[in-house]
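# A structural walkthrough
What follows is the residue order along each chain.
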Amino acid sequence: MLTMATNNSHTLPGSAPSSALWFLVGHLHPSGQQGEQAHVPINASRFSVGRRPDASLCLPFRTVSSNHAEFVSTPNSLILRDLGSTNGTYVNGQRLHGEVELNQDDIVQFADVALRLQRQSGAVASATLQEDVYDQALALVQFDKLMTERQVTPYYQPIVDLASGETIAYEVLGRSRLYGIETPGAMFRAAAKLNLEVQLSNMLRWEGVLQSSCFARPPHLFVNTHPRELSEDGLIDAIRAVRETRPLQALTLEIHEGAVTNVKQMIEIRSALSDLNVRLAFDDFGAGQARLVELVNVKPDYLKFDIALIRDIDQASPQKLQVISSLVKMTQDLGIAPLAEGVEREAESDICRDLGFELGQGYFYGKPAPGTCF
């Protein structure tokens, strides 16, 4: 439980202070565990932060030091000091050594607990905060930390053989423990503001492959691409670097169906991947325009049918089942392995197997999890 010590000799939020009061604003949890947003007044001239129960702001988490940091208030300024913490105190993404004077809207971070600094007078203490602006600013600060410190946690989701039930591969899915950018969607939204989607995608692949060493045997990994990688040079060089690092590991590169628009380019990519002994999968087939021309000419090794086609497939109309069955048969006739994505129930799995799907992926077979779980 989070606790905050109070000192009755100092101004509290409900009173009418003669001067402005500083607040820490945000979710007082590490690792993205969101609760109700807190507004913590810095209500002492020396306001301590740490894991100790008697700290002015107690953050009882392993990453926070017992005596982590302190705020020192003067009539005209607010100073933040790091007290030799193990995992660091950060201001706007920069690790603090010693002390620094703070400003309105600075992002302060104690280990992995990040908060915004807000200064309010008693008259505006209840004013609506611009949470969207705060969240965006925090996400960018956190994204810089993600990239510079490579603080990504790869998750691995099983891909199973529907005939035997055996796991034959894992898809690498990126996660982080940095508040505000825990999911791939949040990471790439922040990356897009900085034009760094390609760099992020490359890092997620690298870390997914490198951290798969926790498995007893090197697993077959399905690694993703970002659509921008197909419009810029460097994708094959990036995959070649991964292959040189792990020359014997089975790898499949996933490319989203919507990005497969240039047949000549895809044939060249397919050829280059074959030279590197890397397989190819088209992802989210059927999510938009089914690119059958590219499918016939490029012939990936795997075709991942979009979750929208698979969800509640056991309740689908005979007409829909006939269409999916025809697509599955066409895929197999081309020598491509059809894979059903988003299988969440046994009934869905049974229908997919009956329709001829060779592989399946989804919560029914296993949720994404860190590699240490295997």
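In this text the structure is predicted, and so the values were computed from the model without any measurement.

### Quick notes on the pattern of salt bridges
Scanning all chains against the criterion turns up 21 salt bridges. R345 is paired through a salt bridge with D314; the nearest N and O atoms lie 2.7 Å apart. Taken together, the residues span a long stretch of sequence, with R345 in the loop between β19 (337-340) and α9 (346-355) and D314 in the loop between α7 (307-310) and α8 (318-333) at a distance of 31 residues. The class for R345 is partly exposed, based on a relative accessible area of 29%. Across the pair D333 and K329 runs a salt bridge, and its minimum N-O distance is 3.1 Å. Residue D333 and its partner K329 are both found in helix α8; the two are separated by four residues, about one turn of the helix.

### Some remarks on the layout of surface pockets
Quantified by volume, the largest pocket comes out at close to 760 Å³. Together, 31 residues line the largest pocket, and E171, V172, L173, N224 and D283 are the ones closest to its centre. Broken down by secondary-structure element, the contributors of at least two residues to the lining of the largest pocket are β14 (167-176), α2 (184-193), α3 (197-210), β16 (251-256) and β17 (279-285).

### A short note on α3
Compared with the 20 Å implied by 1.5 Å per residue over 14 residues, the 20 Å span of α3 between its first and last C-alpha is a close match. By the criterion of burial, α3 is predominantly enclosed, with ten of the 14 residues buried. Among the residues making up α3, those that are buried are E197, V198, L200, S201, M203, L204, R205, E207, G208 and V209.

Conventions we followed
Residues numbered from 1 in each chain as written. Predicted model: local features only at pLDDT ≥ 70, side-chain atom pairs only at ≥ 80, totals over all residues. Heavy atoms only, no water. Salt bridge = Lys/Arg side-chain N within 4 Å of Asp/Glu carboxyl O. Helix = DSSP H or I, 4+ residues; strand = E, 2+ residues; numbered from the N terminus. Buried < 20%, exposed > 50% of the residue type's maximum accessible area, 1.4 Å probe, protein only. 1 Å grid on protein atoms, 1.4 Å probe; cavity = no way out; pocket = protein on both sides within 12 Å on 5 of 7 lines; lining within 4 Å. Points joined across faces, edges and corners; volume = space filled by probe spheres on them. Expected span 1.5 Å × (residues − 1).

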